[in-house]
Amino acid sequence: MKHFYVIENIKVSAGAADFSFQKFIRDKYRIDVARLTIDKKAIDARNKASINIIYRVIIEVNSAIDKSLMDKNVQVYIPSEILKIQNKKRMEKIIVIGAGPAGLFAALRLIEHGFKVCILERGKCVEDRAADVKLMNDSGILNSESNVLFGEGGAGTWSDGKLTTRINKPGIDWFFSKMV
C-alpha cells in the first residue's frame, strides 16, 4: 500500500546546483521516497545576500512513516484521486458538528469529493444571532444557545480579527479560490 505525505518549507539556496530532494529527505527524516512531486516553489529574497527557494513536495513511500520521525513540516497527504475512489465505495452520510469556519469548510471539502454531508449547529443563523448578541450587549440578557460562541459562523463571527492565516499550508490555494 502506498502512503503519501507533504513536506513543507524545504529551503534550498538559489545557487545550489546539485540539491537532491531524495537525499535531503532520507538524511533528515530517514525516509526512502518512491516518488516525489514538487507541489509549490517560492522565492525567499528577503535577505539579498542569501536568496533561497522554498519548496513544498508531495512524496509517495512504500510504508507508513514513523510518527516520531515527523516534524511540523511533514503531514499526511490524501491525493484527490484516492478520495474519489473511496467515495465510490462509501456514500454514507457524514455529520459535521458546528457551522463555524472549520465546519463549513470541512463540509464543503467533503461535498466536493462526493460525500453526503449534514451540518449540525446548536446556535442560530447569523441574522438571528446578531439580535441575541445585541440584546446581551445592551441589557446583559444571555441566550445560552445563541450568543457570540454558538451559531452559524462560529465564535469568529464576532472576533477581533486576530485569526491565523497559515498562508504556507497545503490547501490554502483551494481556500482562496473558494473565498474569492
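What counts as what
- Residues numbered from 1 in each chain as written.
- Predicted model: local features only at pLDDT ≥ 70, side-chain atom pairs only at ≥ 80, totals over all residues.
- Heavy atoms only, no water.
- Helix = DSSP H or I, 4+ residues; strand = E, 2+ residues; numbered from the N terminus.
- Buried < 20%, exposed > 50% of the residue type's maximum accessible area, 1.4 Å probe, protein only.
- Contact = heavy atoms within 4.5 Å.
- Areas by Shrake-Rupley, 256 points an atom, 1.4 Å probe, with all protein chains shown as cover.
- Polar contact = N/O pair within 3.5 Å; in protein donor to acceptor, adjacent residues only side chain to side chain.
- Pairing = 2+ DSSP bridges.
- Axes fitted to C-alpha atoms, helices over the stretch in contact; angles between N-to-C directions.
- Salt bridge = Lys/Arg side-chain N within 4 Å of Asp/Glu carboxyl O.
- Right-handed = clockwise from strand over helix to strand, strands pointing away.
- pLDDT = per-residue confidence, 0-100.
- Core = buried A, V, L, I, M, F, W, Y, C linked by side-chain atoms within 4.5 Å.

Student: Before we go on, may I ask you to explain the overall build of the chain in this structure?
Tutor: Regarding its fold elements, the chain presents five helices and six strands. Along the chain, helices (α) and strands (β) appear in the sequence β-α-β-β-β-α-β-α-β-α-α when read from the amino end. Expressed as a percentage of its 180 residues, the buried residues of the chain come to 27%. Of all intrachain contacts in the chain linking residues separated by at least 6 positions in sequence, the fraction that spans at least 24 positions is 59%. Working note: accessible area of the chain is about 12,200 Å², and carbon and sulfur atoms make up 56% of it.

Student: Can you walk me through the side chain of Asn-147 in this structure?
Tutor: With respect to the helices and strands, the residue Asn-147 is situated in the loop between helix 4 (126-139) and helix 5 (172-179). For Asn-147, a relative accessible area of 9% puts it in the buried group. From its side chain, Asn-147 meets the backbone nitrogen of Phe-150 in a polar contact 3.4 Å long. Setting aside residues up to four positions removed in sequence, Asn-147 forms contacts with Arg-129, Val-133 and Leu-142.

Student: Just to check I follow, could you spell out the sheet that holds strand 2 (residues 35-44) for this structure?
Tutor: Whether parallel or antiparallel, the strands of a sheet pair through hydrogen bonds between backbone atoms. The strand order across the open sheet built from four strands is 2-3-1-4, with neighbouring strands paired in antiparallel fashion. In this open sheet, the two strands that pair with only one neighbour each are strand 2 and strand 4 (74-76). Averaged over all pairs of adjacent strands, the angle between their axes in this sheet comes to 20°, without regard to strand direction. Both strand 2 and strand 3 (residues 52-61) contribute to a ladder of nine bridges, which runs antiparallel.

Student: Just checking my understanding: could you explain the side chain of Glu-8 for this structure?
Tutor: Along the chain, Glu-8 falls in strand 1 (residues 3-13). Side chain to side chain, Glu-8 and Gln-75 meet in a polar contact 3.2 Å long.

Student: What exactly am I supposed to notice about the pattern of salt bridges here?
Tutor: Side-chain pairing between opposite charges can occur once the charged atoms of the two side chains come close. If you walk through the whole model with that rule in mind, you get seven salt bridges. Between Lys-23 and Asp-27 there is a salt bridge whose closest N-O contact spans 2.7 Å. In this pair, Lys-23 and Asp-27 are both assigned in helix 1 (residues 21-29), four residues apart and thus about one turn of the helix distant.

Student: How should the pairing of strand 5 (residues 93-97) be read in this particular structure?
Tutor: Side chains on a regular strand alternate between the two faces of the sheet. Here strand 5 runs beside strand 6 (residues 116-120); their pairing, made up of five bridges, is parallel. Bridging from a neighbouring strand, Val-96 pairs with Ile-119 of strand 6. Note on the crossover from strand 5 through helix 3 (residues 101-112) to strand 6: the handedness is right-handed.

Student: What is the right way to look at unusual backbone geometry in this model?
Tutor: Only a minority of non-glycine residues have a phi that is not negative, and only a minority of peptide bonds are not trans. Phi angles above zero are rare outside glycine, and Asn-9 is one such case at about 60°. With relative accessibility at 39%, the residue Asn-9 sits in the partly exposed group. A positive phi angle, near 55°, is found at Arg-30, a position not held by glycine.

Student: Help me understand the confidence of the model for the chain, please; the structure alone is not making it clear to me.
Tutor: The predicted coordinates ought not to be read in detail in places where the model reports low pLDDT. Residue-level pLDDT values for the chain average 81, and 84% of them are 70 or greater. Across the chain, the element-wise mean pLDDT spans from 55 in helix 2 (residues 80-89) up to 92 in helix 4.

Student: Is there a simple way to explain the nonpolar core in this structure?
Tutor: Generally speaking, a soluble globular protein has its nonpolar side chains buried in company with each other. Counting residues in each nonpolar core, the largest one holds 16 residues, and the members touching the most others are Ile-7, Ile-10, Ile-25, Ile-31, Tyr-55, Val-57 and Ile-59. For this core, the elements supplying multiple residues, two or more each, are strand 1, helix 1 and strand 3. With five residues, strand 3 is the largest single contributor of residues to this core. Setting aside residues no more than four positions away along its own chain, Ile-25 makes contact with Ile-7, Arg-30, Ile-31, Val-33, Leu-36, Val-57 and Ile-59.

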